[in-house]
Amino acid sequence: MDSEFVEQADPYRRELLAHCYRMLGSVYDAEDLVQETYVRAWRSFDRFEGRSSMRTWLHRIATNACLNALESRGRRPLPMGLGAPSSDPADDLIEKREVRWLEPMPDALLDPATVVTGRESIRLAMVAAMQFLPPRQRAVLILRDVLQWPAAEVAPMLDMTVASVNSALQRARAQLSQVTVDLDEVAEPDSAVQKGLLDRFVAAFEAKDTAAMVDIFTKDAVWEMPPFTGWYKGPDTIARLVDTQCPAQGPGDMKLVPTRANGQHAFGLYLRNGDVYEPFQLPVLALAADGVSHVSSFFDLRLFRTFGLPDSLPVT
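Nothing here was measured: the structure is a model prediction, and the numbers come from that model.

(A) Highlighting the pattern of salt bridges. Under the counting rule described, the total for this entry stands at 17 salt bridges. Between aspartate 29 and arginine 100 there is a salt bridge, and its shortest N-O distance comes to 2.9 Å. Of the two residues, aspartate 29 sits in helix H3 (residues 27–43) while arginine 100 sits in the loop between helix H4 (54–70) and helix H5 (112–117), which places them 71 residues apart along the sequence. The exposure class of aspartate 29 is buried, given its relative accessible area of 12%. Residues aspartate 159 and arginine 60 are paired through a salt bridge, measuring 3.4 Å at the closest nitrogen-oxygen approach. You can see aspartate 159 sitting in the loop between helix H9 (151–157) and helix H10 (162–179) and its partner arginine 60 sitting in helix H4, a full 99 residues away along the chain.

(B) Region of the structure containing the pairing of strand S1 (residues 217–224). Most of S1 is tucked away, with six of its eight residues classed as buried. Bridge count for S1 against strand S6 (residues 291–298) is four bridges, and the pairing is parallel. Looking across to S6, one finds that glutamate 224 is bridged to serine 296. As judged from the three bridges shared by S1 and strand S2 (residues 231–233), these two strands associate in the antiparallel manner. Its bridge partner being in S2, valine 222 is matched across the sheet by lysine 233. Counting the residues that bridge the hairpin from S1 to S2 gives six residues.

(C) Main features of the pairing of S6. Counting buried positions over the eight residues of S6 gives six, a clear majority of the element. Pairing analysis gives seven bridges linking strand S5 (residues 276–288) to S6, with the strands arranged antiparallel. Across the sheet, the residue bridging to alanine 286 is histidine 294, located in S6. Between S5 and the antiparallel strand that follows it, S6, lie two residues.

(D) A look at the environment of glutamine 170. With respect to the secondary-structure elements, glutamine 170 resides in helix H10. Spatially, the C-alpha atom of glutamine 170 lies 9.1 Å from that of glutamine 137, the residues being 33 residues apart in sequence.

(E) Examining helix H2 (residues 13–24) more closely. Taking 1.5 Å per residue as the helical rise, H2 with its 12 residues ought to reach 16 Å, and the 16 Å between its terminal C-alpha atoms agrees with that figure. For H2, every residue scored as buried is listed here: Glu15, Leu16, Leu17, Ala18, His19, Cys20, Tyr21, Arg22, Met23 and Leu24. Glycine 25 lies just past H2 and shows a positive phi near 75°.

(F) Representation of the packing of aromatic side chains within the structure. Scanning the model with the defined rule gives 12 aromatic pairs in all. Each ring, one from phenylalanine 45 and one from phenylalanine 48, has its centre 6.4 Å from the other, and the planes form 20°; the classification is stacked. Residue phenylalanine 45 shares its accessibility class with phenylalanine 48, and that shared class is buried. Between tyrosine 270 and phenylalanine 304, the ring centres sit 5.1 Å apart and the planes meet at 80°, which makes this aromatic pair edge-to-face. Note that tyrosine 270 is positioned in strand S4 (residues 264–273) and phenylalanine 304 in helix H14 (residues 302–306), a separation of 34 residues in sequence. In terms of burial, tyrosine 270 and phenylalanine 304 fall into one category: buried. Three or more aromatic residues joined by ring pairs form one cluster here, namely Phe5, Tyr38, Phe45, Phe48 and Trp57. In this structure, arginine 13 packs its charged tip against the face of tyrosine 38, placed 4.1 Å from the ring centre.

Thresholds applied
Residues numbered from 1 in each chain as written. Predicted model: local features only at pLDDT ≥ 70, side-chain atom pairs only at ≥ 80, totals over all residues. Heavy atoms only, no water. Salt bridge = Lys/Arg side-chain N within 4 Å of Asp/Glu carboxyl O. Helix = DSSP H or I, 4+ residues; strand = E, 2+ residues; numbered from the N terminus. Buried < 20%, exposed > 50% of the residue type's maximum accessible area, 1.4 Å probe, protein only. Pairing = 2+ DSSP bridges. Expected span 1.5 Å × (residues − 1). Phe/Tyr/Trp six-rings, centres within 6.5 Å; stacked < 30°, edge-to-face > 60°. Lys NZ or Arg CZ within 6 Å of the ring centre and 35° of its normal.

Here you go:
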């Protein structure tokens with residue numbers, strides 16, 4: 001690519017990745033659409049007249065590329081979003097790999113400012129909630145409420161009027177309020193409490209100690225694990241799920257490696273196979289002052305490399 005284009009456009013790559021991820025709910029689709037955005041922008045760079053900023057121009061290309069992609073794709077849910085009641089851990093697990101599930105986003109791929117200042121809008125719960133919005137409403141909500149762009153700037157990006165942007169934003173906010181918690185309710189505890197909870201979580205799982213698991217979850221905690229369709233509510237239910245459905249036999253069969261996803265604490269969870277630990281699942285945690293309130297655990301093993309986690313770990 002032309003060096004002038006790269007110099008002007010490349011600083012926005014991580015910001016665009018976060019934008020496309022909020023639109024699409026997939027780290028892999030977002031990476032593809034960012035690449036498509038840069039190819040489109042490079043091809044038309046000689047016609048870029050600077051009437052808008054490079055940032056605005058790139059976001060316009062990326063947003064419309066995402067809208068075009070979403071014309072042939074449904075929303076990406078988590079199991080709770082399928083509308084079924086909570087599951088019994090004694091029931092057989094139902095796996096649906098044909099569903100295009102929501103995926104987590106590694107913090108390492110995001111601009112640090114996005115993780116800090118835009119953390120609420122990148123959290124799994126919020127990205128999952130935005131999947132309920134029609135694509136154009138989703139775009140308006142992200143551009144107006146997340147990026148804080150005025151309606152007069154958003155309207156030409158989406159070939160809409162200012163009035164239609166404001167109307168779409170009102171509808172998006174109203175619908176979002178029905179499927180998600182208030183952002184003030186997702187505040188995590190202070191760092192000392194977090195560290196204590198995370199240490200207890202690791203210890204409980206590496207020992208497969210179900211009694212300790214009961215103690216670390218809040219009374220209304222939820223565990224979900226795509227591509228399995230069930231979701232499980234309450235500490236005792238979650239502990240029974242791990243006890244009966246997890247193939248680990250006992251202490252030492254699981255190893256957890258910390259990472260970060262969607263501005264939240266997460267782990268690469270490995271399962272022992274002979275003299276090595278192999279990738280098993282990737283749980284992403286939501287924390288409250290009184291315990292772990294939600295775990296979305298992902299069984300797509302591609303995520304381990306995407307998150308920069310080891311392919312295996314030695315048993316020591």
